[in-house]
Amino acid sequence: MGRLRRLPVPGRPKLVSLRTTFAVSFAAVTAAVTILVGILSYGSAARLVRVDQQSVFTQVVQDVQNEVRQHDMDPEDFSSSRPGHDLVRPARTDVQVLGAQGQIVDHGNPSLPVTSRDKAMALAETAGKVVQHKDVPVDSDLFRIATVSLGGGRGAVQVAQEFSDTEDLLRTLQQRTLILMAAVVVAAGLFGWWLARRITRRLVILTSAAEDVARTRRLGIEVPVAGLDEVGRLGRAFDRMLGRLAQSEEDQRRLVQDAGHELRTPLTSLRTNISLLRRIDELPPATREELVADLGQEARELTDLVNELVDLAAGQSDTEPPQRVDLADIAEEVVGLAKRRTGREIVLRTSGDTTTDGRPGMLQRAMSNLVENAAKFDRAGKAPIEVAITGPGRPGTVRVEVLDRGPGIAEGDLIRIFDRFYRAADARSLPGSGLGLSIVREVAMAHGGAPFAFRREGGGAVIGFTVGG
C-alpha cells in the first residue's frame, strides 16, 4: 500500500508568521512614506526649476523692453557682431533680430521661426511691445519665444529660451527618484525582515517551548529567554509557570503514590476480615464481636483517610473566598466542638489583635487537626490541653499554638512531622493517617504563614502555625 498523504483542509486559512507580518508591515509603511516623500520632493523641485527658468526668461524680456524704451535702437544695435550684445544673451537664451519688414537680419542659433505676429511687432510704432509664443518646436527642441518691438517700424528683437533640456533634466530626476524609492523600499524590506527576525527570535523560542510542552507533556524544560522588555517578562513568567506546574504535577504524583501506599494497609486488613466473615458461624462469640469491631474501626479509619486526602488535594481554596476573620472566634468554636467529642478539658487563651484575612473553613480545619492531634497523643489527660491565639507578633501576623502534656516529640521527628503520611515510630500504633499536620502546613502556607513544632518544657509538645505577615 502507498503512503497516505495528508490533504489540505478546504477553507482553512494559511498561517502567516509574526515575523513575515512585521517585515511586510515595516516595508509597506516605509514604502508609503518613501513614495510620499519622493512625490512631494520631485514636485517641489520641478516647480522650483520651472519657476526659476520662467523668472529668468521674464527678466530678460523686461530688460530688452526697458532698453528699447529708453533708447532709440536699430536692429544693428542687437547684432551678434556688435560689442555688448551678450547683455541680452544669458545661458540657454537665443536672440534673433528682425528688420523693418520682418525679415531676419541676424539669425539666432538656432534660427527661430517668424510668424505674422512677429512681423507686426517689427512694423509697430511703439517701442517695447511684446508678443509671446509657448512650446515652439525648433530643431526637435522646445522654446518659449518673445518678440519685442523696437518702435517706429524699425524692426524687432526675438528672445527665445529653450526649456526642453529642463524637462529632460526633470525626467532624469524623476527616473532617479523612482530608482532611489525602489531601492529604499527593497532595503526597508530586507531591514524589516532582519529586524523582525531579531525581535521575534525570543518569541519563536517561547513558541517552540510551548509546542514541546504540548507534544511531550514535560514541564521541566528550561525557557532560555532573557531581556528586560515585555518579551523577557513573558519568558520569565512562562518559565515560572512551567516550574509551578511541574511542582504541582510532582506534588500530585507523590500524593497519589503516598495515598496508594497508605490505603493498602486498611484495604488489606479489610479483605482479611471480610474473608473471615465467610466463616463467622464457626467463630466463637467473642471473636465475632472483635471481628465486627475491627471492621468498624478500619472503615472509620479508611473514611477519615479518604476525607483527609480530598481536603489535602482540593485545599478548599477554590470554593471558599477569603474574608476578614477573627481567629479567636474560630478557636472558640473548635474548642467547644473538641470538648464535646473528646470529653477533655481544653483551655483557650487569646491576646492582642487576632483578626486577619483568610478562609474560615481552612483555618478551622487546621485548628481542629492540632487539637485532635494533641488529644490523641495526650491520652492520659492529666493536664488540660491549651490553645493560645496571639497577635500580632509582627504587623499582620497571628500565632496559633496548641500545647499538650503528652509524651512529646523526638528531636529527629520535629522537622518531619508536617510531611505527608509521616508518623513517628511511637505513633504508628495509634489511629490516624499522618495527614492531619500536613494539612496544617498547607493551610498555613496558603495564608502567608508557616507551621512550627518544638518540645515543651516540663514535657509535652507545642505545635502550631502562623498566618498573615
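One structure accompanies this document, and this report is about it. In this text the structure is predicted, and so the values were computed from the model without any measurement.

## Notes on the pattern of salt bridges
Phase 1 of the analysis: Scanning the model with the defined rule gives 6 salt bridges in all.
Phase 2 of the analysis: Here Asp357 and Arg324 are joined by a salt bridge, their closest N and O atoms 3.2 Å apart. Here Arg324 lies in strand 6 (residues 323–326) and Asp357 lies in strand 8 (residues 355–358), a separation of 33 residues in the sequence. Just as Asp357 is exposed, Arg324 falls in that class too.
Phase 3 of the analysis: Ionic pairing is found between Arg441 and Glu442, a salt bridge with its closest N-O pair at 3.4 Å.
Phase 4 of the analysis: Residue classification places Glu442 among the partly exposed positions, given a relative accessible area of 30%.
Phase 5 of the analysis: Because the salt bridges share partners, they merge into one network encompassing Arg349, Glu386 and Arg456.

## Some points on a nonpolar patch on the surface
Phase 1 of the analysis: A contiguous nonpolar surface patch, about 260 Å² in accessible area, is contributed by Val29, Val33 and Val37.
Phase 2 of the analysis: Residue position: Val29 is located in helix 1 (residues 18–70).
Phase 3 of the analysis: Relative accessible area serves as the criterion here: at 54%, Val29 is assigned to the exposed category.

## Let's talk about the environment of Leu283
Phase 1 of the analysis: Relative to the helices and strands, Leu283 resides in the loop between helix 4 (230–277) and helix 5 (285–314).
Phase 2 of the analysis: Assessed through its relative accessible area of 15%, Leu283 is described here as buried.

## Considering the packing of aromatic side chains
For any pair of aromatic rings, geometry is given as the distance between the ring centres together with the angle between the planes.
Phase 1 of the analysis: Throughout the structure, instances matching the rule amount to 2 aromatic pairs.
Phase 2 of the analysis: Plain terms: the ring middles of Phe452 and Phe454 are 6.3 Å apart, the flat faces sit at 15° to each other, and that makes the pair stacked.
Phase 3 of the analysis: Under the relative-accessibility criterion, Phe452 is labelled buried at 14%.
Phase 4 of the analysis: Given the relative accessible area of 34%, Phe454 is considered partly exposed.
Phase 5 of the analysis: Positioned above the aromatic ring of Phe57 is the side chain of Arg144, whose terminal nitrogen or guanidinium carbon lies 6.0 Å from the ring centre.

## With respect to the sheet that holds strand 12 (residues 461–468)
Phase 1 of the analysis: Strand order in this open sheet of 5 strands is 7-9-10-12-11, and the pairing throughout is mixed. Edge positions in the sheet fall to strand 7 (346–352) and strand 11 (451–455), since each of these pairs with one other strand and no more. Neighbour-to-neighbour, the strand axes of this sheet turn through a mean angle of 15°, independent of strand direction.
Phase 2 of the analysis: Pairing of strand 9 (residues 385–391) with strand 10 (residues 397–404), which is carried by 5 bridges, proceeds in the antiparallel orientation. Note that in strand 10 the partner of Val387 across the bridge is Val402.
Phase 3 of the analysis: Packing against the sheet, helix 7 (residues 360–377) makes contact with strand 7, strand 9, strand 10 and strand 12, and its axis sits at approximately 175° to strand 12.

What counts and how
Residues numbered from 1 in each chain as written. Predicted model: local features only at pLDDT ≥ 70, side-chain atom pairs only at ≥ 80, totals over all residues. Heavy atoms only, no water. Salt bridge = Lys/Arg side-chain N within 4 Å of Asp/Glu carboxyl O. Helix = DSSP H or I, 4+ residues; strand = E, 2+ residues; numbered from the N terminus. Buried < 20%, exposed > 50% of the residue type's maximum accessible area, 1.4 Å probe, protein only. Patch = residues over 30% accessible without salt bridge, like charges linked within 9 Å, V, L, I, M, F, W, Y side chains within 5 Å. Areas by Shrake-Rupley, 256 points an atom, 1.4 Å probe, with all protein chains shown as cover. Phe/Tyr/Trp six-rings, centres within 6.5 Å; stacked < 30°, edge-to-face > 60°. Lys NZ or Arg CZ within 6 Å of the ring centre and 35° of its normal. Pairing = 2+ DSSP bridges. Axes fitted to C-alpha atoms, helices over the stretch in contact; angles between N-to-C directions. Contact = heavy atoms within 4.5 Å.

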